[in-house]
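Each chain, written out:
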Amino acid sequence: MEVTREELLHIVQLADLKIKEEEIDNYLANLRDILDFADVVCKAPVDNLKATIASNTNCNLFRKDEVIEFENEEALMQNAPEAERNMFKIPKVL
């Protein structure tokens, strides 16, 4: 799709963007590439495809909770900025 410099400047104004004069050609090329790719996607053959809502039919999958004891508590507590009674101490959240 061909986008003119004037159309790009109009879009820039509508979006209240600040771009420099020397950036305009780069933005124009990028916008044209994006619109060309969108055109390719729109023309993709989809006649023989089944409509789907989601590719994964699994719903509400839960794993069983399992308590696993950590072997090296001392090494774990070294990661705590502050510890109390062998637990991480964090600021109150209200």
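Structure shown above.
Residues numbered from 1 in each chain as written. Predicted model: local features only at pLDDT ≥ 70, side-chain atom pairs only at ≥ 80, totals over all residues. Heavy atoms only, no water.

Draft legend 1. Inspection of the overall build of the protein chain at higher detail. Helix and strand counts for the protein chain come out as 3 helices and 2 strands. Along the protein chain, helices and strands appear, N-terminal first, in the series α-α-α-β-β. Along the longest, intermediate and shortest principal axes, the C-alpha atoms of the protein chain span 70 × 45 × 30 Å. The burial tally for the protein chain puts 9% of its 94 residues in the buried class. Long-range pairs, those at least 24 residues apart, make up 29% of the contacts in the protein chain with a sequence separation of at least 6. As displayed, the protein chain has an accessible area near 9600 Å², and 55% of this comes from carbon and sulfur atoms. Here the protein chain contributes 11 positive and 20 negative side-chain charges, whose respective centroids are spaced 6 Å apart. (Helix = DSSP H or I, 4+ residues; strand = E, 2+ residues; numbered from the N terminus. Buried < 20%, exposed > 50% of the residue type's maximum accessible area, 1.4 Å probe, protein only. Contact = heavy atoms within 4.5 Å. Areas by Shrake-Rupley, 256 points an atom, 1.4 Å probe, with all protein chains shown as cover. Lys, Arg positive; Asp, Glu negative; His and termini not counted. Charge placed at Lys NZ, Arg CZ, Asp CG, Glu CD.)

Draft legend 2. Region of interest: the pattern of salt bridges. One pass over the full model with this rule turns up 8 salt bridges. When the shortest N-O distance is used, the salt bridge between Arg5 and Glu21 registers 2.3 Å. Of this pair, Arg5 sits in helix α1 (residues 5–14) while Glu21 sits in the loop between α1 and α2 (24–42), and the two are 16 residues apart along the sequence. Overall, Arg5 belongs to the partly exposed group, its relative accessible area being 29%. Counted as one network, the salt bridges with shared partners bring together Arg5, Glu21 and Asp25. (Salt bridge = Lys/Arg side-chain N within 4 Å of Asp/Glu carboxyl O.)

Draft legend 3. Layout of the nonpolar core. Val3, Leu8, Val12, Ile19, Ile24 and Leu28 together form the largest nonpolar core, which totals 6 residues. Of all elements in the fold, only α1 and α2 reach the threshold of two or more residues within this core. Apart from residues lying up to four places away in sequence, Val12 is in contact with Leu17 and Ile19. (Core = buried A, V, L, I, M, F, W, Y, C linked by side-chain atoms within 4.5 Å.)

Draft legend 4. Expanded view of the packing of α1 against α2. The N-to-C vectors of α1 and α2 enclose an angle of 95 degrees; their axes lie 10 Å apart at closest approach. One way to sum up the angle between α1 and α2 is to call them roughly perpendicular. Facing Arg5, Leu8, Leu9 and Ile11 of α1, the residues of α2 in contact are Ile24, Asp25, Tyr27, Leu28 and Leu31. In terms of residue class, the contact of α1 with α2 is built from 7 nonpolar, no polar and 2 charged. (Axes fitted to C-alpha atoms, helices over the stretch in contact; angles between N-to-C directions. Parallel < 35°, antiparallel > 145°, perpendicular 65-115°, else oblique. Nonpolar A, V, L, I, M, F, W, Y, C, P; charged D, E, K, R; others polar.)

Draft legend 5. A look at the environment of Leu35. Within the fold, Leu35 resides in helix α2. Leu35 gets classed as partly exposed once you look at its relative accessible area, which sits at 26%. A C-alpha to C-alpha distance of 8.9 Å links Leu35 and Val3, two positions 32 residues apart in sequence. If we ignore the near neighbours within four places in the chain, the residues touching Leu35 are Met1 and Val3.

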